Amino acid sequence: MTEIAGILLAAGSARRFGAAKLLQPLHDSVPVAAATAQAMMQVLPNTLAVVKPGDHALIEVFAELGLHIIENPLADEGMGASLAAGVDATAQADGWLIMLADMPWIQPATISAVADRLENGASMVAPVYAGQRGHPVGFSSRWLQPLRDLSGDKGACDLIRDHSDALELFTTEDAGVVKDIDYPQDLSRY
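Heads up: these notes are all about the structure in this document. Everything numeric in this text was worked out from a predicted model, so none of it was measured.

## Here's the deal with the packing of aromatic side chains
Phase 1: For the structure on display, the rule yields zero aromatic pairs.
Phase 2: The lysine or arginine in question, Arg 117, covers the ring of Phe 170, its NZ or CZ lying 4.0 Å from the ring centre.

Take a look at the structure:
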């Protein structure tokens, strides 16, 4: 069995939201980041979270869940730098499943489907809901160096676009793969 590392990206600035969105409670009073982490950890228990240095409240939420935490000193450079930090910390993995911490409605079954496809030889993999590519996104170890080299705020979008022939897509009924939280109204909209 291959070892897929889970990387939860949680170092964003939440400028559009206007507050610490990852700490906002969902309808069941569970913080957004905790709900996302719990779903991910059901499938990949050795998941790590990448956070901004000194984000003590979020670090505490993740520590209570038993997540390994990476404080990324380059977090202000954008999602690419945080993704690179997570991959660098798990460079021995056979692949990576990348999730955004502001997507708490992704179902564990979808996370498992991405991980299974990686374990069965997919190079890159992502779910599609209603014709829209979503998250999480998986990468095999073939992409170690390109992922380590990421910077900026696009994450791995350019890598996926430039190598779209390597991307395996699968259809899902899980609408959570395209639902993120950018604005306060998103908490109740979904």
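## Regarding the side chain of Lys 21
Phase 1: Relative to the assigned elements, Lys 21 resides in the loop between strand 1 (4-10) and helix 1 (32-43).
Phase 2: Among the polar contacts made by the side chain of Lys 21, one reaches the main-chain carbonyl oxygen of Ile 181 at a distance of 2.6 Å.

## A closer look at the pairing of strand 3 (residues 68-71)
Consecutive residues of a regular strand have side chains that alternate between opposite faces of the sheet.
Phase 1: Judged from the four bridges that link them, strand 2 (residues 48-51) and strand 3 form a sheet pairing that is parallel. From the neighbouring strand, Leu 48 faces strand 3, where its bridge partner is His 68.
Phase 2: For the crossover from strand 2 across helix 2 (residues 56-65) to strand 3, the handedness is right-handed.

## Observations concerning the side chain of Thr 36
Phase 1: Structurally, Thr 36 is set in helix 1.
Phase 2: Judged by relative accessible area, which is 1%, Thr 36 ranks as buried.
Phase 3: Those residues in contact with Thr 36 that sit more than four places away from it in its chain are Leu 8, Met 99, Leu 100, Ala 101, Met 103 and Pro 104.

## Topic: the pattern of salt bridges
Phase 1: Tallying each qualifying case throughout the model produces six salt bridges.
Phase 2: Residue Asp 102 pairs with Lys 21 through a salt bridge whose shortest N-O separation is 2.8 Å. Taken as a pair, Asp 102 in the loop between strand 4 (95-100) and helix 4 (108-119) and Lys 21 in the loop between strand 1 and helix 1 lie far apart in primary sequence, 81 residues in all. Here the two residues Asp 102 and Lys 21 agree in accessibility, since each one is buried.
Phase 3: Note that Asp 182 is salt-bridged to Lys 21, the shortest N-O span being 3.8 Å. Taken together, the residues span a long stretch of sequence, with Asp 182 in the loop between strand 8 (167-171) and helix 7 (186-189) and Lys 21 in the loop between strand 1 and helix 1 at a distance of 161 residues. The pair Asp 182 / Lys 21 is uniform in exposure class, with both members buried.
Phase 4: What you see here is one network of salt bridges that share partners, running through Lys 21, Asp 102 and Asp 182.

## Let's talk about the nonpolar core
Phase 1: Core analysis: the biggest nonpolar cluster contains 61 residues, and Leu 8, Phe 62, Trp 96, Leu 97, Phe 139 and Leu 147 have the highest contact counts within it.
Phase 2: Here this core takes seven residues from helix 1, the largest share from any one element.
Phase 3: Leu 147 has contacts with Leu 83, Ala 84, Val 87, Trp 96, Phe 139, Ala 156 and Leu 159, leaving out every residue within four places of it along the chain.

## Structural notes on the environment of Ser 82
Phase 1: Relative to the helices and strands, Ser 82 resides in helix 3 (residues 79-89).
Phase 2: For the pair formed by Ser 82 and Ser 140, sequence separation is 58 residues and the distance between their alpha carbons is 18 Å.
Phase 3: Setting aside chain neighbours within four positions, we find Ser 82 in contact with Leu 9, Ala 11, Val 50, Asn 72 and Ala 75.

## Here's the deal with helix 1
Phase 1: Of all twelve residues in helix 1, nine are buried, a share of seventy percent or more.
Phase 2: Inspection of helix 1 places Val 32, Ala 33, Ala 34, Ala 35, Thr 36, Ala 37, Ala 39, Met 40 and Met 41 among the buried residues, and these make up the whole buried set.
Phase 3: Looking at the buried residues of helix 1, the elements they touch are strand 1, helix 2, strand 4, helix 4 and helix 7.

## Looking at the packing of helix 1 against helix 2
Phase 1: Put simply, helix 1 and helix 2 touch, their axes get as near as 10 Å, and they point 30° apart. Relative to helix 2, helix 1 is oriented roughly parallel. Our pair here, helix 1 against helix 2, has a crossing hand that is right-handed. Residue-level inspection shows Ala 33, Ala 34, Ala 37, Gln 38 and Met 41 of helix 1 in contact with helix 2, the latter providing Leu 58, Val 61, Phe 62 and Leu 65.

Here is what the cut-offs are and how they apply
Residues numbered from 1 in each chain as written. Predicted model: local features only at pLDDT ≥ 70, side-chain atom pairs only at ≥ 80, totals over all residues. Heavy atoms only, no water. Phe/Tyr/Trp six-rings, centres within 6.5 Å; stacked < 30°, edge-to-face > 60°. Lys NZ or Arg CZ within 6 Å of the ring centre and 35° of its normal. Helix = DSSP H or I, 4+ residues; strand = E, 2+ residues; numbered from the N terminus. Polar contact = N/O pair within 3.5 Å; in protein donor to acceptor, adjacent residues only side chain to side chain. Pairing = 2+ DSSP bridges. Right-handed = clockwise from strand over helix to strand, strands pointing away. Buried < 20%, exposed > 50% of the residue type's maximum accessible area, 1.4 Å probe, protein only. Contact = heavy atoms within 4.5 Å. Salt bridge = Lys/Arg side-chain N within 4 Å of Asp/Glu carboxyl O. Core = buried A, V, L, I, M, F, W, Y, C linked by side-chain atoms within 4.5 Å. Axes fitted to C-alpha atoms, helices over the stretch in contact; angles between N-to-C directions. Parallel < 35°, antiparallel > 145°, perpendicular 65-115°, else oblique. Left-handed = near helix turned anticlockwise from the far one by under 90°.

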